[in-house]
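A structural walkthrough
Here is what each chain is made of, one letter per residue.
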Amino acid sequence: MSVAPGGAGEQGGAEGAVARREELAAALRRLDDRVAAACAAAGRGRDEVGVVVTTKTWPASDVLHLAALGVRDVGEARAQEAGAKREEVLATGGPGTGDLRWHALGRLQRNKAGAVAAWASLVHSCDSERLAAALDRGAGAAGRVLPVLVQVDLDGDEGDEARGGVPVPGLPAVVDAVAAAGSLRLDGVMAVAPRGADPAAAFARLADAAARVRADHPGATVLSAGMSDDLEQAVAAGATLLRVGRAVLGARPPLG
Ligand SMILES: *Cc1c(COP(=O)(O)O)cnc(C)c1O
């Protein structure tokens, strides 16, 4: 699917692109209303909460629409998809694309850490000392300091391998490893509410863990929590960064 500016080559392509952009614009307005209401309900300022629009599985054309609509933070979960999509988006030079911050979410293999360290504005999913070391090497090789969140596994001992995260008792070791790494900057913590659990209770545990991290590392102020179905609970628990996919882009196409 091509929506290069003026790329009305395909039959119906331009009309489809206009319709998609309007759909995304409306979804962004609805999301903004929801976030504003959640902030008001929690007695927090709207400017305390950022939104990363999670574009995994969606084409580069959607990222172009989002950038043109003023979105500045996009999130990707799979390293290969993210790298290719980012190149495709940047190559268009479309409005807003140069200002995009690309967030790396989701399980990250150590052998992909070098590539991700070269482009990620923020890695949300560091969950081991070995991954921290791999990210540190990658960032060093790229000549940059990479902002990192440590992902917390809120499942307790029923840890979800697929989602990743370090169980709360192991958090200090990974946090300290990130903080000590010369090419990493510890920005805070991230979590996904466990499936089937009460998100408010899960995010309360996360907020507690985050407060303990901040006691040792005052700069670790980012709390990445809350998705399409539980962003209100996350805002109430103090989230500073929401990661929202389906509420903006719709139901995800099947993983390719
Ligand atoms: C896909 C994804 C999201 C967005 O989830 P939605 O339910 O689509 O809002 C958030 N965080 C992570 C880590 C994800 O992989």
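Basis of the calculations
Residues numbered from 1 in each chain as written. Predicted model: local features only at pLDDT ≥ 70, side-chain atom pairs only at ≥ 80, totals over all residues. Heavy atoms only, no water. pLDDT = per-residue confidence, 0-100. Contact = heavy atoms within 4.5 Å. Helix = DSSP H or I, 4+ residues; strand = E, 2+ residues; numbered from the N terminus. Buried < 20%, exposed > 50% of the residue type's maximum accessible area, 1.4 Å probe, protein only. Core = buried A, V, L, I, M, F, W, Y, C linked by side-chain atoms within 4.5 Å. Pairing = 2+ DSSP bridges. Near = heavy atom within 4 Å. Polar contact = N/O pair within 3.5 Å; in protein donor to acceptor, adjacent residues only side chain to side chain. Areas by Shrake-Rupley, 256 points an atom, 1.4 Å probe, with all protein chains shown as cover. 1 Å grid on protein atoms, 1.4 Å probe; cavity = no way out; pocket = protein on both sides within 12 Å on 5 of 7 lines; lining within 4 Å. Sits in = over half its atoms within 2 Å of the grid points. Points joined across faces, edges and corners; volume = space filled by probe spheres on them. Nonpolar A, V, L, I, M, F, W, Y, C, P; charged D, E, K, R; others polar.

Parts of the prediction with low pLDDT should not have their coordinates interpreted in detail. When pLDDT is averaged along the chain, the result is 93; 91% of the residues meet or exceed 70. Across residues 1-11, where pLDDT falls below 50, the model places nine contacts with residues more than four positions away in sequence or in other chains.

In this model, Thr-57 sits at a positive phi of 75°, which is unusual for a non-glycine residue. Looking at the secondary structure, you find Thr-57 in the loop between β1 (50-54) and α2 (60-68). For Thr-57, a relative accessible area of 16% puts it in the buried group.

So, on to the nonpolar core. In terms of nonpolar packing, the biggest core is built from 68 residues, with Val-123, Leu-135, Leu-146, Leu-184, Leu-206, Leu-242 and Val-248 touching the most fellow members. Aside from chain neighbours lying at most four places away, what touches Val-123 is Ala-104, Leu-108, Val-116, Leu-135, Leu-146, Pro-147, Val-148 and Leu-149.

Next up on the list: the pairing of β1. Among the five residues in β1, four count as buried, and that is most of the element. With four bridges connecting them, β1 and strand β9 (residues 241-244) associate as parallel partners. Looking at the pairing, Gly-50 lines up with Leu-241 of β9. Sheet topology places β1 next to strand β2 (residues 73-76); two bridges connect them, and they run parallel.

Quick look at the site of the ligand now. All residues adjacent to the ligand are Thr-54, Lys-56, Leu-105, Met-190, Met-227, Ser-228, Arg-243, Val-244, Gly-245, Arg-246 and Arg-252. Measuring from an oxygen atom of the ligand, one finds a side-chain N or O atom of Lys-56 at 2.7 Å. Contact between the ligand and Ser-228: an oxygen atom at 2.5 Å from a side-chain N or O atom of the residue. Within the complex, 92% of the 390 Å² of free accessible area of the ligand lies under protein. Judged by the proximity of its atoms to the pocket grid, the ligand belongs to the largest pocket.

Our focus in this paragraph is empty space enclosed by the protein. Considering all chains together, one arrives at one cavity of 30 Å³ or more under this definition. One number sums up the size of the largest cavity: a volume of about 70 Å³. Around the largest cavity sit 10 residues that line it, and Asp-153, Leu-154, Arg-163, Gly-164 and Val-192 are the ones nearest its centre. When grouped by side-chain class, the residues that make up the lining of the largest cavity number four nonpolar, two polar and four charged.

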